[in-house]
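Observations on the three-dimensional arrangement
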Amino acid sequence: MTAESPQQHAGNRRQLLRAGIAATAAGTWTDCLAEADMDAFSFVIVSDTHLGRKDSKTPEKQWQQGIAEINSGPGDFVLHLGDVVDKARATQYPRYVAARAELTKPIHEIPGNHDTTELFQRHVCDRIDRSFDHNGVRFVLFGNAHSDSHDGFITTSQLAWLTEECAQAAAQDLKIVFCCHVPIHSNGHPDRGWYVKPDNGQTEFYELLAEHAGRVLLCLHGHFHNGIRGWRDHHSVVEVLCPSLCYNQNRNMAEHLSSGNASGFFVPELRTGYTIATLGNGRLVLQYKPLGSEVGADYSAEWK
Ligand SMILES: [Zn+2]
(Lines give C-alpha, C1' and ligand atoms only; values in the text may rest on other atoms or scores of the structure.)
Protein backbone atom coordinates (compact mmCIF):
# COMPACT_ATOMS: atom_id res chain seq x y z
CA MET A 1 0.00 0.00 0.00
CA THR A 2 1.25 3.47 -0.76
CA ALA A 3 0.05 6.93 0.17
CA GLU A 4 0.56 8.31 -3.33
CA SER A 5 -2.31 10.43 -4.54
CA PRO A 6 -4.06 9.09 -7.67
CA GLN A 7 -2.72 12.09 -9.59
CA GLN A 8 0.86 11.39 -8.52
CA HIS A 9 0.42 7.74 -9.35
CA ALA A 10 -0.96 8.51 -12.81
CA GLY A 11 1.92 10.95 -13.39
CA ASN A 12 4.50 8.36 -12.40
CA ARG A 13 2.83 5.75 -14.56
CA ARG A 14 2.84 8.06 -17.56
CA GLN A 15 6.52 8.85 -17.09
CA LEU A 16 7.39 5.20 -16.75
CA LEU A 17 5.22 4.17 -19.66
CA ARG A 18 6.94 6.75 -21.87
CA ALA A 19 10.29 5.33 -20.80
CA GLY A 20 8.97 1.80 -21.31
CA ILE A 21 7.88 2.48 -24.88
CA ALA A 22 11.34 3.80 -25.75
CA ALA A 23 12.97 0.85 -24.03
CA THR A 24 10.76 -1.73 -25.76
CA ALA A 25 11.67 -0.32 -29.16
CA ALA A 26 15.32 -0.84 -28.24
CA GLY A 27 14.66 -4.47 -27.23
CA THR A 28 15.51 -4.35 -23.55
CA TRP A 29 14.49 -6.39 -20.53
CA THR A 30 11.12 -4.62 -20.91
CA ASP A 31 10.22 -7.53 -23.19
CA CYS A 32 10.67 -10.07 -20.39
CA LEU A 33 8.85 -7.85 -17.95
CA ALA A 34 5.90 -7.38 -20.31
CA GLU A 35 5.51 -11.15 -20.66
CA ALA A 36 5.28 -11.43 -16.89
CA ASP A 37 2.83 -8.50 -16.78
CA MET A 38 5.50 -6.63 -14.86
CA ASP A 39 4.58 -3.19 -13.67
CA ALA A 40 6.92 -0.65 -12.12
CA PHE A 41 7.16 -0.80 -8.36
CA SER A 42 8.78 1.34 -5.69
CA PHE A 43 10.82 0.55 -2.62
CA VAL A 44 12.67 2.57 -0.01
CA ILE A 45 16.42 2.42 0.69
CA VAL A 46 17.62 3.50 4.13
CA SER A 47 21.24 3.30 5.22
CA ASP A 48 23.64 4.17 8.03
CA THR A 49 21.21 5.11 10.80
CA HIS A 50 24.12 4.96 13.34
CA LEU A 51 21.92 4.98 16.46
CA GLY A 52 23.84 6.32 19.47
CA ARG A 53 26.45 8.24 17.44
CA LYS A 54 28.36 10.60 19.74
CA ASP A 55 26.03 9.38 22.51
CA SER A 56 23.33 11.64 21.08
CA LYS A 57 19.62 10.88 20.85
CA THR A 58 19.44 12.66 17.48
CA PRO A 59 20.08 9.57 15.29
CA GLU A 60 17.24 7.71 17.06
CA LYS A 61 14.92 10.68 16.48
CA GLN A 62 15.95 10.77 12.80
CA TRP A 63 15.16 7.06 12.53
CA GLN A 64 11.72 7.63 14.13
CA GLN A 65 11.03 10.55 11.80
CA GLY A 66 12.21 8.53 8.80
CA ILE A 67 9.82 5.71 9.74
CA ALA A 68 6.87 8.12 10.00
CA GLU A 69 7.69 9.60 6.59
CA ILE A 70 8.25 6.19 4.99
CA ASN A 71 4.89 5.01 6.38
CA SER A 72 3.08 7.86 4.65
CA GLY A 73 5.04 7.66 1.38
CA PRO A 74 5.41 5.26 -1.55
CA GLY A 75 7.29 1.95 -1.44
CA ASP A 76 6.32 -1.70 -1.14
CA PHE A 77 9.14 -2.50 1.31
CA VAL A 78 12.29 -1.04 2.89
CA LEU A 79 15.94 -2.05 2.54
CA HIS A 80 18.40 -1.00 5.27
CA LEU A 81 21.97 -1.24 3.96
CA GLY A 82 23.83 -1.40 7.27
CA ASP A 83 25.37 0.46 10.19
CA VAL A 84 22.13 0.13 12.08
CA VAL A 85 23.83 1.45 15.25
CA ASP A 86 27.09 3.34 15.78
CA LYS A 87 30.20 1.47 16.97
CA ALA A 88 28.21 -1.66 17.90
CA ARG A 89 26.58 0.00 20.95
CA ALA A 90 24.66 -2.93 22.45
CA THR A 91 22.12 -0.69 24.20
CA GLN A 92 21.08 0.89 20.88
CA TYR A 93 19.82 -2.29 19.19
CA PRO A 94 16.66 -2.56 21.37
CA ARG A 95 15.98 1.13 20.67
CA TYR A 96 16.40 0.55 16.93
CA VAL A 97 14.00 -2.40 17.05
CA ALA A 98 11.45 -0.53 19.22
CA ALA A 99 11.31 2.30 16.66
CA ARG A 100 11.15 -0.22 13.81
CA ALA A 101 7.97 -1.69 15.30
CA GLU A 102 6.15 1.44 14.09
CA LEU A 103 7.08 0.77 10.45
CA THR A 104 4.08 -0.41 8.43
CA LYS A 105 6.10 -1.88 5.52
CA PRO A 106 8.32 -5.00 5.51
CA ILE A 107 12.00 -4.19 6.14
CA HIS A 108 15.13 -6.16 5.17
CA GLU A 109 18.37 -5.18 6.90
CA ILE A 110 22.02 -6.12 6.45
CA PRO A 111 24.84 -5.30 8.87
CA GLY A 112 27.59 -2.73 8.28
CA ASN A 113 31.06 -2.36 9.75
CA HIS A 114 29.58 -0.63 12.83
CA ASP A 115 27.40 -3.69 13.57
CA THR A 116 28.69 -6.93 15.01
CA THR A 117 27.35 -10.16 13.55
CA GLU A 118 26.40 -11.40 17.02
CA LEU A 119 24.39 -8.33 18.05
CA PHE A 120 22.84 -7.93 14.60
CA GLN A 121 21.67 -11.55 14.60
CA ARG A 122 20.38 -11.36 18.16
CA HIS A 123 18.39 -8.15 17.74
CA VAL A 124 17.77 -7.36 14.07
CA CYS A 125 17.66 -10.49 11.89
CA ASP A 126 19.05 -13.94 12.63
CA ARG A 127 19.96 -14.65 9.00
CA ILE A 128 22.32 -12.22 7.25
CA ASP A 129 22.85 -13.70 3.75
CA ARG A 130 19.42 -14.23 2.25
CA SER A 131 17.19 -13.35 -0.69
CA PHE A 132 13.58 -12.57 -1.49
CA ASP A 133 11.68 -12.14 -4.73
CA HIS A 134 9.46 -9.17 -5.55
CA ASN A 135 7.73 -8.39 -8.85
CA GLY A 136 10.09 -10.45 -11.00
CA VAL A 137 13.25 -9.30 -9.20
CA ARG A 138 15.39 -11.35 -6.80
CA PHE A 139 16.90 -9.16 -4.07
CA VAL A 140 20.11 -10.83 -2.82
CA LEU A 141 21.33 -9.47 0.53
CA PHE A 142 24.68 -10.35 2.04
CA GLY A 143 27.03 -9.18 4.77
CA ASN A 144 30.39 -7.98 3.41
CA ALA A 145 31.57 -5.67 6.22
CA HIS A 146 34.10 -6.39 8.97
CA SER A 147 34.12 -4.35 12.18
CA ASP A 148 37.91 -3.89 12.01
CA SER A 149 38.10 -2.63 8.40
CA HIS A 150 36.46 -0.12 6.07
CA ASP A 151 37.01 -2.50 3.14
CA GLY A 152 34.54 -5.16 2.07
CA PHE A 153 35.03 -8.93 1.92
CA ILE A 154 33.18 -11.66 0.01
CA THR A 155 34.17 -15.14 1.15
CA THR A 156 34.52 -18.24 -1.01
CA SER A 157 31.40 -19.77 0.53
CA GLN A 158 29.47 -16.54 -0.07
CA LEU A 159 30.60 -16.56 -3.71
CA ALA A 160 29.33 -20.13 -4.06
CA TRP A 161 25.99 -19.10 -2.53
CA LEU A 162 25.77 -16.00 -4.79
CA THR A 163 26.48 -18.21 -7.82
CA GLU A 164 23.61 -20.51 -6.81
CA GLU A 165 21.26 -17.55 -6.21
CA CYS A 166 22.06 -16.22 -9.70
CA ALA A 167 21.51 -19.65 -11.27
CA GLN A 168 18.13 -19.97 -9.57
CA ALA A 169 17.15 -16.44 -10.62
CA ALA A 170 18.13 -17.25 -14.23
CA ALA A 171 16.10 -20.48 -14.15
CA GLN A 172 13.06 -18.49 -13.00
CA ASP A 173 13.78 -15.59 -15.38
CA LEU A 174 14.13 -13.15 -12.49
CA LYS A 175 16.22 -9.98 -12.60
CA ILE A 176 18.75 -9.53 -9.78
CA VAL A 177 19.52 -6.73 -7.31
CA PHE A 178 22.52 -7.18 -4.98
CA CYS A 179 22.63 -5.43 -1.59
CA CYS A 180 25.74 -5.22 0.63
CA HIS A 181 27.08 -2.45 2.87
CA VAL A 182 30.55 -1.87 1.37
CA PRO A 183 30.73 -1.10 -2.36
CA ILE A 184 32.41 -3.56 -4.70
CA HIS A 185 33.36 -0.90 -7.25
CA SER A 186 37.04 0.24 -7.17
CA ASN A 187 37.32 3.84 -6.05
CA GLY A 188 39.88 6.28 -4.67
CA HIS A 189 40.17 9.99 -3.99
CA PRO A 190 37.89 12.00 -4.10
CA ASP A 191 35.85 8.98 -2.99
CA ARG A 192 36.74 7.08 0.17
CA GLY A 193 38.79 4.29 -1.39
CA TRP A 194 36.87 1.66 0.58
CA TYR A 195 35.66 -1.34 -1.44
CA VAL A 196 36.00 -5.09 -1.95
CA LYS A 197 39.60 -5.35 -3.15
CA PRO A 198 40.47 -7.86 -5.93
CA ASP A 199 41.93 -10.39 -3.47
CA ASN A 200 38.90 -10.09 -1.19
CA GLY A 201 36.33 -11.35 -3.69
CA GLN A 202 35.97 -8.46 -6.14
CA THR A 203 37.44 -10.37 -9.11
CA GLU A 204 35.14 -13.37 -8.67
CA PHE A 205 32.12 -11.14 -8.03
CA TYR A 206 32.62 -9.25 -11.28
CA GLU A 207 33.10 -12.56 -13.14
CA LEU A 208 29.70 -13.62 -11.81
CA LEU A 209 28.26 -10.25 -12.84
CA ALA A 210 29.63 -10.71 -16.37
CA GLU A 211 27.97 -14.16 -16.59
CA HIS A 212 24.64 -12.57 -15.71
CA ALA A 213 25.08 -9.27 -17.56
CA GLY A 214 21.64 -7.97 -18.49
CA ARG A 215 20.02 -9.87 -15.61
CA VAL A 216 21.77 -7.98 -12.78
CA LEU A 217 20.22 -4.52 -12.59
CA LEU A 218 21.66 -2.95 -9.45
CA CYS A 219 24.25 -3.23 -6.69
CA LEU A 220 23.10 -1.18 -3.68
CA HIS A 221 25.44 -0.04 -0.90
CA GLY A 222 25.74 2.38 2.01
CA HIS A 223 28.95 3.14 3.94
CA PHE A 224 30.14 6.40 2.31
CA HIS A 225 27.73 8.98 3.82
CA ASN A 226 27.95 10.95 0.60
CA GLY A 227 24.41 11.18 -0.74
CA ILE A 228 23.53 9.28 -3.93
CA ARG A 229 26.84 8.47 -5.67
CA GLY A 230 27.54 5.70 -8.15
CA TRP A 231 28.91 4.27 -11.34
CA ARG A 232 27.64 2.42 -14.36
CA ASP A 233 30.70 0.93 -16.01
CA HIS A 234 30.25 -2.82 -15.48
CA HIS A 235 27.91 -3.90 -18.30
CA SER A 236 24.54 -2.22 -17.70
CA VAL A 237 24.64 -2.63 -13.91
CA VAL A 238 24.01 0.50 -11.83
CA GLU A 239 26.21 0.47 -8.70
CA VAL A 240 24.89 2.94 -6.14
CA LEU A 241 26.01 4.28 -2.77
CA CYS A 242 22.94 5.44 -0.86
CA PRO A 243 22.68 8.39 1.57
CA SER A 244 22.83 8.11 5.35
CA LEU A 245 19.75 8.86 7.42
CA CYS A 246 22.11 10.15 10.14
CA TYR A 247 24.66 12.44 8.42
CA ASN A 248 26.27 12.98 5.01
CA GLN A 249 29.54 14.73 4.25
CA ASN A 250 30.42 17.04 1.41
CA ARG A 251 33.28 15.65 -0.67
CA ASN A 252 32.78 18.21 -3.47
CA MET A 253 31.80 15.39 -5.76
CA ALA A 254 29.90 17.57 -8.25
CA GLU A 255 33.04 19.68 -8.83
CA HIS A 256 35.27 16.61 -9.10
CA LEU A 257 32.92 15.09 -11.69
CA SER A 258 32.72 18.25 -13.77
CA SER A 259 36.51 18.72 -13.70
CA GLY A 260 37.10 15.08 -14.67
CA ASN A 261 38.70 14.08 -11.34
CA ALA A 262 36.04 11.43 -10.83
CA SER A 263 33.83 9.25 -13.00
CA GLY A 264 30.27 8.08 -12.50
CA PHE A 265 27.34 10.06 -11.18
CA PHE A 266 26.35 12.09 -8.13
CA VAL A 267 23.03 13.60 -7.11
CA PRO A 268 23.75 17.07 -5.66
CA GLU A 269 21.98 16.67 -2.31
CA LEU A 270 23.52 15.85 1.08
CA ARG A 271 20.80 16.41 3.69
CA THR A 272 20.04 13.45 5.94
CA GLY A 273 17.50 11.34 4.18
CA TYR A 274 16.68 8.18 2.31
CA THR A 275 16.04 7.04 -1.25
CA ILE A 276 12.83 6.09 -3.02
CA ALA A 277 13.64 3.71 -5.88
CA THR A 278 11.20 2.99 -8.71
CA LEU A 279 12.07 0.06 -10.92
CA GLY A 280 10.32 -1.40 -13.92
CA ASN A 281 9.50 -1.07 -17.59
CA GLY A 282 13.21 -0.81 -18.39
CA ARG A 283 13.85 2.13 -16.12
CA LEU A 284 15.23 3.00 -12.69
CA VAL A 285 14.55 6.24 -10.85
CA LEU A 286 16.28 7.02 -7.53
CA GLN A 287 14.67 9.97 -5.75
CA TYR A 288 16.47 11.62 -2.84
CA LYS A 289 14.05 12.14 0.05
CA PRO A 290 15.54 14.50 2.67
CA LEU A 291 13.95 14.20 6.12
CA GLY A 292 11.25 16.83 6.55
CA SER A 293 11.27 17.85 2.87
CA GLU A 294 9.69 16.74 -0.37
CA VAL A 295 11.61 14.51 -2.77
CA GLY A 296 14.05 16.57 -4.79
CA ALA A 297 17.00 15.68 -6.97
CA ASP A 298 17.04 12.28 -8.61
CA TYR A 299 19.06 9.91 -10.77
CA SER A 300 17.56 7.82 -13.54
CA ALA A 301 18.85 5.06 -15.78
CA GLU A 302 17.42 3.01 -18.61
CA TRP A 303 18.25 -0.44 -19.91
CA LYS A 304 18.54 -0.45 -23.69
ZN1 LIG B 1 28.14 4.34 8.25
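An account of the accompanying structure is given in this report. None of these values were measured; they are calculated from a predicted model. (Residues numbered from 1 in each chain as written. Predicted model: local features only at pLDDT ≥ 70, side-chain atom pairs only at ≥ 80, totals over all residues.)

**Looking at the overall build of the protein**
Counting its secondary structure elements, the protein contains eight helices and 13 strands. Going through the 304 residues of the protein one by one, you find that 47% of them count as buried. Restricting to contacts in the protein with at least 6 residues of sequence separation, those with at least 24 account for 71%. (Helix = DSSP H or I, 4+ residues; strand = E, 2+ residues; numbered from the N terminus. Buried ≥ 20, exposed ≤ 12 C-beta atoms within 10 Å, placed from the backbone. Contact = placed C-beta atoms within 7 Å.)

**Considerations on the environment of valine 44**
As for its position among the elements, valine 44 is in strand β1 (residues 41-46). Valine 44 sits 242 residues away from leucine 286 along the chain, and the two C-alpha atoms are 9.5 Å apart. Each residue touching valine 44, except ones within four places of it in the same chain, is listed here: Ile70, Gly75, Val78, Tyr274 and Ile276.

**Description of helix α6 (residues 156-171)**
Relative to the 22 Å expected for 16 residues at 1.5 Å per residue, α6 spans 23 Å between its end C-alpha atoms, a close match to the ideal helical length. Within the sequence span of α6, burial applies to Leu162, Glu165, Cys166 and Ala169. With its buried residues spanning 100 degrees around the axis, α6 presents them on a single face. Structural note: α6 exposes Thr156, Ser157, Ala160, Glu164, Ala167 and Ala171 on the side pointing more than 90 degrees away from its buried face. Contacts made by the buried residues of α6 are with β4 (130-134), β5 (137-141), β6 (175-179) and α7 (202-211). Backbone geometry just after α6 places aspartate 173 at a positive phi near 55 degrees. (Expected span 1.5 Å × (residues − 1). Arc of directions from axis to C-beta.)

**Quick look at the sheet that holds β6**
One key point about sheets: their strands pair by backbone hydrogen bonds, in either a parallel or an antiparallel sense. The seven strands are arranged β4-β5-β6-β7-β9-β8-β10 in an open sheet whose pairing can be described as mixed. Only two strands of the sheet have a single neighbouring strand rather than two, namely β4 and β10 (265-267). Across the sheet, the mean angle from the axis of one strand to that of its neighbour is 20 degrees, orientation sign disregarded. Together, β4, β5 and β6 form the strand contacts of α6, whose direction differs from that of β5 by roughly 175 degrees. (Pairing = 2+ DSSP bridges. Axes fitted to C-alpha atoms, helices over the stretch in contact; angles between N-to-C directions.)

**Re the environment of histidine 221**
You can see histidine 221 is positioned in strand β7 (residues 216-221). Residue class for histidine 221 comes out buried when judged on the 31 C-beta atoms lying within 10 Å of it. C-alpha of histidine 221 to C-alpha of histidine 181: the two residues are 40 residues apart in sequence and 4.8 Å apart in space. The contact partners of histidine 221, leaving out residues within four places of it in the chain, are Leu81, Cys180, His181, Val182, Pro183, Val240, Leu241 and Cys242.

**As for the pairing of β7**
Counting buried positions along β7 yields five of six residues, so the element is predominantly enclosed. By the bridge criterion, four bridges tie β6 to β7 in an arrangement that is parallel. Bridge pairing in β7 links cysteine 179 to leucine 220. As judged from the four bridges shared by β7 and strand β9 (residues 237-241), these two strands associate in the parallel manner. Counted as the bridge partner of leucine 218 is valine 238 from β9.

**Let's talk about the packing of helix α3 (residues 58-71) against helix α4 (residues 92-100)**
Axis separation between α3 and α4 bottoms out at 9 Å; the angle between their running directions is 20 degrees. Judged by the inter-axis angle, α3 sits roughly parallel to α4. In the crossing of α3 with α4, the sense of the turn from one axis to the other is right-handed. For the pair formed by α3 and α4, the contact residues are Glu60, Trp63, Gln64 and Ile67 on the first element and Arg95, Tyr96 and Ala99 on the second. A breakdown of the residues in the contact of α3 with α4 according to their chemical character gives four nonpolar, one polar and two charged. (Parallel < 35°, antiparallel > 145°, perpendicular 65-115°, else oblique. Left-handed = near helix turned anticlockwise from the far one by under 90°. Nonpolar A, V, L, I, M, F, W, Y, C, P; charged D, E, K, R; others polar.)

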